[in-house]
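What follows is each chain in one-letter form.
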Amino acid sequence: MALPSLVDVNKPDGKHFTVCGDVHGQLNGLPSEDNPYLFNGAFLVRGSFSVEVILTLFAFKCMSPSAIHLSCGNHESKSMNKIYGFEGEVRSKLSDKFVELFAEVFCYLPLAHVINEKVFVVHGGLFSTDGVKLSDIRAIDRFCEPPEEGIFC
């Protein structure tokens, strides 16, 4: 079952919660039930271990879904993956089939999170229009590559 475009996260009072942005293929620290993480896009490129980082994040999501949240950023798209080297890294370490699989999976990542109905977390570079409301984000059909225009481009 796919997560919604905008995910509501509840953090219990007194509990630690780490928001981490722009990992860019380099990972420092790991999530746990006692220290959940929200990785806010840009998992890839600029590091030489982007494949290992994204596979580690996906493995954590499978092992402990409540300990890790993933948001789509502007780097999780076919064009950015090609321009900044993730596509080439995937081809050299895995195969052409994995390039397509990653592209498909990235389309399923949520666009934003709201923590405790107070903190809005979205990766920069996603919305090209001012005045976007939470209801607008919830209504986005993100199961495609970002379009050329609109709030999701």
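Everything here concerns the structure above.
The following refers to the structure shown. (Residues numbered from 1 in each chain as written. Predicted model: local features only at pLDDT ≥ 70, side-chain atom pairs only at ≥ 80, totals over all residues. Heavy atoms only, no water.)

## With respect to the packing of helix α1 (residues 50-63) against helix α4 (residues 96-107)
Helix-helix packing is described using two parameters, namely the angle between the two axes and the distance between the axes.
And then number 1: Between α1 and α4, the shortest axis-to-axis distance is 13 Å and the interhelical angle comes to 50°. As summarised for this structure, α1 and α4 are arranged oblique, according to the angle between their axes. For the pair α1 and α4, the crossing hand works out as left-handed. From α1, I54, L55 and F58 reach across to α4, where they touch F102, V105 and F106.
And then number 2: For the contact of α1 with α4, the class distribution of residues is six nonpolar, no polar and no charged. (Axes fitted to C-alpha atoms, helices over the stretch in contact; angles between N-to-C directions. Helix = DSSP H or I, 4+ residues; strand = E, 2+ residues; numbered from the N terminus. Parallel < 35°, antiparallel > 145°, perpendicular 65-115°, else oblique. Left-handed = near helix turned anticlockwise from the far one by under 90°. Contact = heavy atoms within 4.5 Å. Nonpolar A, V, L, I, M, F, W, Y, C, P; charged D, E, K, R; others polar.)

## Considering the layout of surface pockets
And then number 1: What the largest pocket holds in volume is close to 280 Å³.
And then number 2: Lining the largest pocket are eleven residues, with F58, K61, V105, Y108 and L109 sitting closest to its centre.
And then number 3: Here the lining of the largest pocket gets three residues from one element, more than from any other, and that element is α1.
And then number 4: Class assignment of the residues belonging to the lining of the largest pocket gives a composition of ten nonpolar, no polar and one charged. (1 Å grid on protein atoms, 1.4 Å probe; cavity = no way out; pocket = protein on both sides within 12 Å on 5 of 7 lines; lining within 4 Å. Points joined across faces, edges and corners; volume = space filled by probe spheres on them.)

In short, geometric facts, not functional conclusions.
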